[in-house]
Amino acid sequence: MTQPAHAIERRILLLAHTGREDARDVARAVVSALTANGLVVRMLDNEAKELELPAGHGVETVSLVDAGAAECELAVVIGGDGTILRAAELTHGTPTPLLGVNLGHVGFLAEAESEDVEKMIELIVQRKYSSEERLTLDVSVYRDKELVETTWALNEASVEKAARQRMLEVVVEVDGRPLSRFGCDGVVCATPTGSTAYNFSAGGPVVWPGVEALLMVPISAHALFARPMVVAPSSVLAVEVLAQTEGAGVLWCDGRRTVDLPPGARIEVRRGRSPVRLVRLHEAPFTDRLVAKFGLPVEGWRGASDRRRRAGDR
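Keep in mind it's a predicted model, so treat the numbers as computed, not measured.

Looking only at helices and strands, the protein has seven helices and 20 strands in total. Its C-alpha atoms give the protein principal-axis dimensions of about 70 × 65 × 35 Å. Sequence-distant contacts, at least 24 apart, represent 66% of the contacts inside the protein between residues at least 6 apart. For the protein, the exposed surface amounts to about 15,700 Å²; the carbon and sulfur share of it is 50%. Taken as two groups, the 36 positive and 43 negative side-chain charges of the protein have centres that lie 5 Å from each other.

Confidence along the protein averages 90 in pLDDT terms, with 94% of residues attaining 70 or more. Segment residues 1–6 is flagged for pLDDT under 50; beyond a separation of four residues in sequence, or across chains, it makes eight contacts in the model.

Side chains of L179, L224 and F225 sit close together on the surface and give an oily, nonpolar patch of about 350 Å² of accessible area. Along the chain, the position of F225 falls in the loop between β14 (214–219) and β15 (229–231).

Let us look at unusual backbone geometry. A positive phi angle, close to 55 degrees, is found at R127, a residue other than glycine. As for its placement among the helices and strands, R127 is situated in the loop between α4 (117–125) and β7 (130–134). Here S220, not a glycine, exhibits a phi torsion of approximately 50 degrees, which is positive. On the basis of relative accessible area, S220 is assigned to the partly exposed category, the value being 46%.

Enumeration over the complete set of coordinates arrives at four aromatic pairs. A centroid spacing of 4.8 Å and a plane angle of 20 degrees characterise the contact between F200 and F294, whose relative ring orientation is stacked. A residue pair is termed long-range when its members are at least 10 positions apart, and F200 in helix α5 (residues 198–201) and F294 in helix α6 (residues 286–294) qualify at 94 residues. Its relative accessible area of 38% is what places F200 among the partly exposed residues. Ring pairing ties together the aromatic residues F108, F200, W208, F286 and F294, which thus form one cluster.

Quick look at the sheet that holds strand β17 (residues 249–253) now. Spatial strand order, β15-β14-β13-β10-β17-β18: six strands in an open sheet with antiparallel pairing. The outermost strands of the open sheet, each flanked by one partner alone, are β15 and β18 (257–261). The average undirected angle you get between the axes of adjacent strands in this sheet is 15 degrees. Where strand β10 (residues 156–161) meets β17, five bridges bridge the pair, whose relative direction is antiparallel. What sits directly across from A157, in β17, is C253.

What follows covers the sheet that holds strand β11 (residues 168–174). In sheet architecture, strand pairing relies on hydrogen bonds along the backbone and comes in two forms, parallel and antiparallel. Reading across from one edge, β9-β8-β19-β16-β11-β12 is the order of the six strands in this open sheet, with antiparallel pairing throughout. Each of the sheet's edge strands pairs with one partner strand only, and the pair in question is β9 (146–153) and β12 (177–184). Mean inter-strand twist for the sheet, computed between neighbouring axes without regard to direction, equals 20 degrees. As defined by bridge partners, strand β8 (residues 137–143) adjoins strand β19 (residues 266–271) across six bridges and the pair is classed as antiparallel. Paired with S140 across the strands is E268, a residue of β19.

Here we come to the packing of helix α1 (residues 21–36) against α4. As a packed pair, α1 and α4 sit with axes 10 Å apart at the nearest point and diverge in direction by 35 degrees. Judged by the sense of rotation from one axis to the other, the crossing of α1 with α4 is right-handed. Counted together, V26, V30, A33 and L34 of α1 and V117, M120, I121 and I124 of α4 form the full contact between these two elements. Looking at side-chain class alone, the contact of α1 with α4 contains eight nonpolar, no polar and no charged residues.

Turning our attention to the pairing of strand β1 (residues 11–16). Along β1, six of the six residues are buried, which leaves the element largely enclosed by surrounding structure. Direction of pairing for β1 relative to strand β2 (residues 40–44): parallel, over a ladder of three bridges. Its bridge partner being in β2, I12 is matched across the sheet by V41. The pairing of β1 with strand β4 (residues 74–79) spans five bridges and is parallel. Bridged to L14 within β4 is V76.

Reading the values: rules and limits
- Residues numbered from 1 in each chain as written.
- Predicted model: local features only at pLDDT ≥ 70, side-chain atom pairs only at ≥ 80, totals over all residues.
- Heavy atoms only, no water.
- Helix = DSSP H or I, 4+ residues; strand = E, 2+ residues; numbered from the N terminus.
- Contact = heavy atoms within 4.5 Å.
- Areas by Shrake-Rupley, 256 points an atom, 1.4 Å probe, with all protein chains shown as cover.
- Lys, Arg positive; Asp, Glu negative; His and termini not counted.
- Charge placed at Lys NZ, Arg CZ, Asp CG, Glu CD.
- pLDDT = per-residue confidence, 0-100.
- Patch = residues over 30% accessible without salt bridge, like charges linked within 9 Å, V, L, I, M, F, W, Y side chains within 5 Å.
- Salt bridge = Lys/Arg side-chain N within 4 Å of Asp/Glu carboxyl O.
- Buried < 20%, exposed > 50% of the residue type's maximum accessible area, 1.4 Å probe, protein only.
- Phe/Tyr/Trp six-rings, centres within 6.5 Å; stacked < 30°, edge-to-face > 60°.
- Pairing = 2+ DSSP bridges.
- Axes fitted to C-alpha atoms, helices over the stretch in contact; angles between N-to-C directions.
- Left-handed = near helix turned anticlockwise from the far one by under 90°.
- Nonpolar A, V, L, I, M, F, W, Y, C, P; charged D, E, K, R; others polar.

Okay, here's the thing in structure tokens:
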């Protein structure tokens, strides 16, 4: 299928974990299928070289600095959740949605598996997909009341001890009021999207993506009250590293961006101004995604319709 000469050129940004052979194979297949259907595939220079794809013939290459994600209809990301988080750095602040093809272990952010690629291409070509906005975090770091760093996160912002043998002494705050002081390994501030990531490992709750909320989860805290908390999306969370803390801490955002935190540092986390958009190819409930990704046992379930039918038989 080719486009008429007067048609507006459709452009797809493609990013892949080119360090993996299976990702390279899937990426080549996706490029071939998209260009055969008249779409232009935009790739980063280094990734196109890894795939041995020459520019032209429906493929254009760009630098990391000037990826131009806003000019693309969507971004197809081939890899695991880490690759999708890397792609989110390029699309953050643009309306371009992400479509993940999972080649990792769990892949909560991905919408398709590698065996679904043929159907995925068909839906892209026919524009039979939707997208949904996911809440993000804006993160500010202060030292001596001076703003020294701003960053963001899709999954979580975690304040952690920098030295393994030392504990982090913090005071946590919600909406401008102190809540509790404790020694800990760290504090995770997460989004509903990130509730199945680090937040989950730290013992936090799983929150459905349709819920607008912020989460705060202390890690190995020595305190009477250090429970996971779910607060309003309008709330502002803060973590202050106490001045008497021995050693420094570190802020991690999505496991990708770091900021060193000396004693006395203050970290504020609030709802992000720019959401991230994720492509949806089908309307599967989040419950089904949880069951599939975590391999949860559901044998013996008969369902509400079954119960209603049995009640009508009596």
